[in-house]
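Each chain is listed here by its residues.
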Amino acid sequence: MAEQQSPSITVEGVEFSWDIERGLMLCWGQPVVLMWTESTMAGFMSGLQRILGTERFNLALEGSGRESTEGEWRDIIQRMPTVEEGLSFVGRAMRTVGLGEFELIELDREARRIRFRVKQSWEGIYQRALGVDWGTWSIAGKLAGYSERILGVPCQVVQTSFTARGDAFDEFEVTPTEQTYAARLAAIVDTEAATREDLREALARVRDEVRERQRMEARLREEITERQRIEDELRAKLELIERQEQAISELSTPILQVWPGIVALPIVGPVDGERVARMTESLLARISQTHARHVILDLTGADALDEAAAANLLRIVSAARLLGAACLLSGISPRMSATLVAINAPLAGVSAFGTLEAALQAAIRNLG
């Protein structure tokens, strides 16, 4: 099988060749890559810009441009009769490989000012395709690298026109500066280091705040638990007090079934409105429960009756009558009798007896 020859071509002094067997494209014997500027290269550079941010992205491109000038200065420009001729050759060679053509339009060594113009720069082309304007910093770095060798001092580059903005060309002005590229790069690194340190401190503060918040939340949970325990204890005590009050109330107004169909309510102490209401409620419930036909209200232990107490007593009698139970009074003292007569109490149909025994005997007889 015949060996496949490697084609080659020289365009404006730039040698291109292809090593088919190895799959390489070569320029002056060095491997190169051919990319579509408006699509492949645009996507590649856009991805880098998103990762680095515009400032670091441009600084990186400027650095790569500066570093690329070392071999060109040594192998091409210094071998030409003059610097101007060397720059002119390199500018045309850039056009040949698709980077854009640059030309030296001013070199004032006395004023230490240099101006360059670049036509159809690859950076301007891909940025127009993306609709952005980040600056032509790879080429700017290359021009700064040439200028520093010409003037012998650190230089800065200012781009004054932009093809990405629609200008006919990119133009740059190079002047001396006290701040070197290395210093600017170090400043970025220091800023990033400071930013990372600030971030670490901020994260440490956040962690401390989170821990403090967790401690506060734990204390609050403990306080809530303790408050709930206290509330439960108070609620239990209140329920106990209510049960005790109910028990005391029941003991203070005991309703006794002394005979089938007969209940007795011993009244001890004062006969005030609140107490009468409790006695009435308990008595009516007991009448309904036992179907009692007679109720004996025993006043042996009751305090002396006044007009209000007598009226309260009559309310008990009236309530019992509504449930069909006849009332009998026992244990009435002479003083109580006098009070009832004095107030002309409506006791029609209410029998009165001196003792509970007498009232019980009468109630039994009434049962038949």
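Now for a quick tour of the structure. Source: prediction; values computed, not measured.

**Considering helix α6 (residues 137–151)**
Part 1: For α6, built from 15 residues, the straight-helix expectation of 21 Å at 1.5 Å per residue is met to within 8% by its first-to-last C-alpha distance of 20 Å.
Part 2: α6 sits mainly inside the fold: 12 of its 15 residues count as buried.
Part 3: Looking at α6, one finds that the buried residues are S138, I139, A140, G141, K142, L143, A144, G145, Y146, S147, I150 and L151.
Part 4: Following α6 by one or two positions, G152 has its phi on the positive side, about 75 degrees.

**A closer look at the packing of aromatic side chains**
Part 1: In total, this model carries six aromatic pairs according to the counting rule given.
Part 2: Ring plane angle 80 degrees and centroid distance 5.5 Å describe the contact between F57 and W134, whose orientation is recorded as edge-to-face. Of the two residues, F57 is situated in helix α2 (residues 54–67) and W134 in the loop between α5 (122–130) and α6; the sequence distance between them amounts to 77 residues. The same class applies to F57 and to W134, which are both buried.
Part 3: Among the aromatic side chains, those forming a connected cluster through ring pairs are F57, W122, Y126 and W134.
Part 4: Stacked on the ring of F169, the Lys or Arg R117 has its end atom at 4.2 Å from the ring centre.

**A short note on the pairing of strand β1 (residues 8–11)**
Part 1: Bridge count between β1 and strand β2 (residues 14–19): four bridges; the pairing is antiparallel. Among the inter-strand pairings, I9 is bridged to a residue of β2, identified as F16.
Part 2: Connecting the antiparallel pair β1 and β2 is a turn made up of two residues, with E12 showing a positive phi of about 50 degrees.

**Some points on unusual backbone geometry**
Part 1: Here R112, not a glycine, exhibits a phi torsion of approximately 55 degrees, which is positive.
Part 2: By the element assignment, R112 lies in the loop between β5 (101–108) and β6 (113–119).
Part 3: Phi is positive for H291, close to 55 degrees, though the residue is something other than glycine.
Part 4: Among the secondary structure elements, H291 is positioned in the loop between α8 (273–290) and β11 (294–298).
Part 5: Exposure remark for H291: the relative accessible area of 63% places this residue in the exposed category.

About the criteria used
Residues numbered from 1 in each chain as written. Predicted model: local features only at pLDDT ≥ 70, side-chain atom pairs only at ≥ 80, totals over all residues. Heavy atoms only, no water. Helix = DSSP H or I, 4+ residues; strand = E, 2+ residues; numbered from the N terminus. Expected span 1.5 Å × (residues − 1). Buried < 20%, exposed > 50% of the residue type's maximum accessible area, 1.4 Å probe, protein only. Phe/Tyr/Trp six-rings, centres within 6.5 Å; stacked < 30°, edge-to-face > 60°. Lys NZ or Arg CZ within 6 Å of the ring centre and 35° of its normal. Pairing = 2+ DSSP bridges.

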